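Architecture at a glance
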Amino acid sequence: MRPLLGALLLGTTLLGTAHAEVRPLDRVVAIVDNDVVMQSQLNHRLQEVQQTIAKRGAALPPEHVLSQQVLERLIIENIQLQIGDRSGIRITDEELNQALATIAQRNGMSLEQFRAALARDGLSFADAREQVRREMVISRVRQRRVAERIQVTEQEVQNFLASDLGRMQLSEEFRLANILIPVPESASPENLQAAARQADELYQQLRQGADFAQLAIARSASETALEGGDMGWRKAAQLPPPFDAMVGALQPGEVTEPMRTPGGFIILKLLDKRGGGTQVRDEVHVRHILIKPSEIRSEAEAQRLAERLYERIQSGEDFGELAKSFSEDPGSALNGGDLNWIDPNALVPEFREVMSRTASGELSRPFKSPYGWHVLQVLGRRATDSSAQFREQQALNILRNRKYDEELQAWLRQIRDEAYVEIKL
C-alpha cells in the first residue's frame, strides 16, 4: 500500500505545485444583469480601438482612461444584447451570411477574399462573424425600442414642408456645368458688347453640337473650367432667380442661353437631375375572390371551388355577388371583392404577377398565393401623381432621423440606469 500511497501523495504535491503556478487566463471585469463582461473581451476591444485611433493619426489617451470608456461601451452593448435575447430576436445564418457578403462587396471583395483579408490582419473570421451578429441584434433592438419613442405630428411635417430648410432639402437637385465669359466691374459698353458676342458665339456652337466640356476648358474663366465646367450637384433652392426656373425647364443635355451675372455672361448645361419633381405611381383597380384551405376544406377542394367559381363567372354570373357569397377575404368580400385602386407593390408577389398579366376588364384563371386560391378581375389601370404624399413621406423621414439620435441617447441612458452593473476592475 505504501508505494501506492506515496504515488498518490507525490501526485497531490505535483498537482498543488501546478496550481500554484497557474495564471488566470481570463476573469470577470463587470457583472451586467444576468451576464458578464470578461477581461478578454475588454482587451480585444481595447486593442481594436487603439488601432483605429492610431490609423487616424490622433494621440492616444492614457490607457486607464481609454479602458474605462471601452468597458462602458461593452456594458451598454451587453445590456442591449440581453434585451434582444429576452425579446426573441434571432439572426439566421442566411441573414448573417448576406450581411457579411454585403460588407465584403462594399470593400470590393468576394466573401473568400474578405476572409483572407481578415486572416492577413490577424483577425478570425469566426470572431468577425460573431461581431456582425451582435451588431445586427443591437440594430434590431434599437429599431424596436427607439422607434416607438419617436413621435412626429402632422403639424410638424407641414411646418417643415413650409420652411425654407424644408423646401431646400426636398427640392430637386441638378448636376450642372458652366462656361463663364468674364466682364470686369468697370467694363465699358464696348467690353460688355464684346463679351456678349463671345458668349452668344459659344452658345451657337453648343446648339450645333460642340462639346461643352472642351469649350469650357478652352474658353471659360470659371474655377471649374479644367473640370469641363462641372459644378457638381446643386439644390434647386440654392440657385438664384432666374437660374432656378431656367434650369428647371431643361432636360439633361440641354443648355441655357447666355445670362448676365455680376461676374460676366454664364451658360449652364444640365448634366443630370434627381429628386423633387412629379412622382407618378401606377395603380390598379382590382377585385378578387379568395378561397382558403382549412380543417374542413383541403387544398385540392379549395382549388376545385375556385375553378368552379371561375367557370360560373365566365358563364355570365355576377362577380360581385359570388364574391359576397364565397370570398373569405374579410376586407373586401362585403364590397363584392373590390380592393379599389391599389399600388401593386403593396400586394404579395404571386397576386401582383398574375394581376400584371391580366388585361383591363379580363378575368384571371384561379391561382395560389400564401393566403389561398384566388380569382381576380382587373377593372382598370391609372398613373397617379403622388408628389404630395412622396414629399410628406420624405419630410417625415427627415424629422424622424433628426429625432433618432436624441431619442437613442436618452434610451441608452435609461437602460444603463435601470440595469444592475457591478464593475470588478
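Residues numbered from 1 in each chain as written. Predicted model: local features only at pLDDT ≥ 70, side-chain atom pairs only at ≥ 80, totals over all residues. Heavy atoms only, no water.

Turning our eyes to something else, we now look at the sheet that holds strand β11 (residues 421–423). In space, the 3 strands of this open sheet follow the order β2-β1-β11, with antiparallel pairing throughout. Of all strands in the sheet, those bounded by a partner on one side alone are β2 (35–38) and β11. Averaged over all adjacent pairs, the angle separating strand axes in this sheet is 20°, with direction ignored. Inspection of the sheet shows strand β1 (residues 28–32) paired to β2 by 4 bridges, in the antiparallel sense. Pairing of Ala-30 across the sheet is with Val-37, part of β2. Sheet strands touched by helix α2 (residues 39–56): β1 and β2. Its angle to β2, the strand with the most contacts, is close to 50°. (Pairing = 2+ DSSP bridges. Helix = DSSP H or I, 4+ residues; strand = E, 2+ residues; numbered from the N terminus. Axes fitted to C-alpha atoms, helices over the stretch in contact; angles between N-to-C directions. Contact = heavy atoms within 4.5 Å.)

Here the focus is the packing of aromatic side chains. According to the stated counting rule, one finds 1 aromatic pair in the structure shown. Note on Phe-351 and Phe-367: the rings are 5.8 Å apart at their centroids and 70° apart in plane angle, and the pair reads as edge-to-face. On the criterion of sequence distance, the pair formed by Phe-351 in helix α14 (residues 349–357) and Phe-367 in strand β9 (residues 367–369) is long-range, its members being 16 residues apart. On the basis of relative accessible area, Phe-351 is assigned to the buried category, the value being 4%. Between the NZ or CZ atom of Arg-115 and the centre of the ring of Phe-125, over which it lies, the distance is 4.0 Å. Stacked on the ring of Phe-265, the Lys or Arg Arg-260 has its end atom at 5.6 Å from the ring centre. (Phe/Tyr/Trp six-rings, centres within 6.5 Å; stacked < 30°, edge-to-face > 60°. Buried < 20%, exposed > 50% of the residue type's maximum accessible area, 1.4 Å probe, protein only. Lys NZ or Arg CZ within 6 Å of the ring centre and 35° of its normal.)

Okay, the side chain of Gln-377 next. Position of Gln-377 among the secondary structure elements: in strand β10 (residues 372–385). Separated by 2.7 Å, the side chains of Gln-377 and Arg-287 make a polar contact. Excluding anything up to four places from it in sequence, Gln-377 contacts His-285, Val-286, Arg-287, Phe-319, Gly-361, Glu-362 and Leu-363. (Polar contact = N/O pair within 3.5 Å; in protein donor to acceptor, adjacent residues only side chain to side chain.)

This next bit is on the sheet that holds strand β3 (residues 173–182). Within the open sheet, the 4 strands sit side by side as β4-β3-β6-β5. Their pairing is antiparallel. With one partner strand each, in any of the chains shown, β4 (230–235) and β5 (259–261) form the two edges of the open sheet. In this sheet, adjacent strand axes meet at a mean angle of 45° when their direction is disregarded. Summarising the sheet, β5 and strand β6 (residues 264–274) pair through 3 bridges and their orientation is antiparallel. When the sheet's bridge partners are listed, Arg-260 is paired in β6 with Phe-265.

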